[in-house]
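Commentary on secondary and tertiary structure
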Amino acid sequence: MDWDVIVIGAGPAGCFTAKSIALSGFKVLILEEDQEIGFPVQCAGLISPRVIELAGVDNNTVLNKLKGISVYSPQGAQFNVVGSKDLALAIDRAKFDQELATKAENGGAVLMKGVKVVGATRIEGGFRLTVAEGSKTISTKLLIGADGAKSSVSKWLGLSRDNLKAVMHAVDVQLKCADTSSISIFMGQKLAPGWFGWMIPLDEKTCRVGTGYALVKPAYSPRRYFQDLVDQFPQIFKDMKVIGHTGGIVPLGKISRIYAANAMLVGDAACQTKPISGGGIYMGLIGAILCSRTAVEALREDNLTEAKLSSYQKYWEKEMEKERVSAMKLRKSYLSFSDEDIDLVIRFLNKPKYQKLILKYGDLDYPSYLGNKLLNLVLRKESLIKATIRIF
Ligand SMILES: Cc1cc2nc3c(=O)[nH]c(=O)nc-3n(C[C@H](O)[C@H](O)[C@H](O)COP(=O)(O)OP(=O)(O)OC[C@H]3O[C@@H](n4cnc5c(N)ncnc54)[C@H](O)[C@@H]3O)c2cc1C
């Protein structure tokens, strides 16, 4: 075999996985189809402070620290909380990915850019990969698919996944921002069906804005939903100047398995994302830790059988599946909320006692705990909500 491990995709999940395996002394190659790591950026770059620590990247990837959140209802209600500690960080996502790639190379992995893998064939003891350029082939004992939301590796391995996803349009804008320390979230089933709009300030005059839909058949394109968001909140967006467009999908569903004999999937390719926010960086790094742990154990024992690699799925389910499943239930239950319900809930929660609760239990990486608490509160007040609806 040419390599012990080939990782396809030099995103955060691929590079973090490759680094740990290479540091354990194995020959690791990362193949990335893009010429420049981190580009094109398809991310709002919002992470929790623990991600910087976990990834071990420099603090200079952080562009802004966010301490508060404002939530807007479709009918104009607003809910604000501001705490004393950093709830979230806005990062330079390209720089973040580049640092992780450099760390993988410093750990001993070889990174080849501008190389697209177009096929994988199972051979005795591993896989033979075909790359687009010159129909070259390379062999590996272990194949790791870190090739993102539209993973080809998962298809080559025959690992089926459901089609649940969030589809988003995002834009970098110049915009005077009155409050640079709070994220804004825009809710409404007509505005962002099954999902939400967002505005993340980077400084006094630059923001990231985006929106999309999830788990529903949309009436419009994500770009049109973005225009609707801008039109619905002229007081916020009227002087906005667009610098650049991006967007993409985040898989929210489940994949049948994240391993096969001589192969594993990690990051978006393994659906390791958060169904409430669509965040995948933290989940992908946790996936990478568990994937590389399994890979190193298996390579040391020279046992890359399906049975051996199945421990990766067990590690993942123990660590994260409870949170993911619970968050998915919350995401699905949101679909039953009408715009009127959302408006009432936001008004209902805009009280000091609930604001304190949100600050106490809110965690960007584990949102289901707070989400369930709030849902229970709201459901207990259902009679109140229904009554209020009737009065209105
Ligand atoms: C609009 C938007 C906003 C988002 N905002 C956030 C956010 O604020 N916070 C957050 O945590 N997450 C966010 N996400 C999700 C986050 O971007 C992903 O979860 C994360 O990038 C997944 O990392 P990854 O390493 O698994 O895959 P990726 O970062 O997608 O990397 C996969 C890599 O594989 C390469 N590749 C694919 N196929 C091949 C091939 N055949 N051969 C060679 N290379 C290949 C690709 O070029 C790519 O570089 C957002 C996503 C979108 C679309």
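Everything in this summary refers to the structure shown in the same document. (Residues numbered from 1 in each chain as written. Predicted model: local features only at pLDDT ≥ 70, side-chain atom pairs only at ≥ 80, totals over all residues. Heavy atoms only, no water.)

Some thoughts on the pattern of salt bridges
Applying the stated criterion across every chain yields a total of 16 salt bridges. In this structure, the salt-bridge partner of Asp4 is Lys141, at a minimum N-O distance of 3.3 Å. On the criterion of sequence distance, the pair formed by Asp4 in strand 1 (residues 3–8) and Lys141 in strand 11 (residues 137–145) is long-range, its members being 137 residues apart. We classify Asp4 as buried; its relative accessible area is 15%. By relative accessible area, which is 27% here, Lys141 ends up partly exposed. In this structure, the salt-bridge partner of Asp172 is Arg208, at a minimum N-O distance of 3.9 Å. Taken together, the residues span a long stretch of sequence, with Asp172 in strand 12 (residues 165–174) and Arg208 in strand 15 (residues 206–214) at a distance of 36 residues. Via salt bridges that share partners, Arg50, Lys274, Asp363 and Asp365 belong to a single interconnected network. (Salt bridge = Lys/Arg side-chain N within 4 Å of Asp/Glu carboxyl O. Helix = DSSP H or I, 4+ residues; strand = E, 2+ residues; numbered from the N terminus. Buried < 20%, exposed > 50% of the residue type's maximum accessible area, 1.4 Å probe, protein only.)

Some thoughts on the state of the cysteines
Counting across every chain of the model gives zero disulfides. Here Cys43 is not disulfide-linked; the sulfur of Cys15 is the nearest cysteine sulfur, at 15 Å. Taking relative accessible area as the criterion, Cys43 reaches 21% and is therefore assigned partly exposed. Take Cys291: it sits in no disulfide, and the sulfur closest to it among the cysteines is that of Cys15, at 13 Å. Looking at Cys291, the relative accessible area reads 0%, which means it is buried. (Disulfide = S-S within 2.5 Å.)

Brief notes about the side chain of Lys19
Tracing the chain through its elements places Lys19 in helix 1 (residues 12–23). The contact partners of Lys19, leaving out residues within four places of it in the chain, are Lys103 and Ala104. (Contact = heavy atoms within 4.5 Å.)

Quick word on helix 1
The end-to-end C-alpha separation of helix 1 is 17 Å, in line with the 16 Å expected for 12 residues at 1.5 Å each. Most of helix 1 sits inside the fold, with 10 of its 12 residues counted as buried. Considered for burial, the residues of helix 1 that qualify are Pro12, Ala13, Gly14, Cys15, Phe16, Thr17, Ala18, Lys19, Ile21 and Ala22. Gly25 sits one or two positions beyond helix 1 and adopts a positive phi of about 100°. (Expected span 1.5 Å × (residues − 1).)

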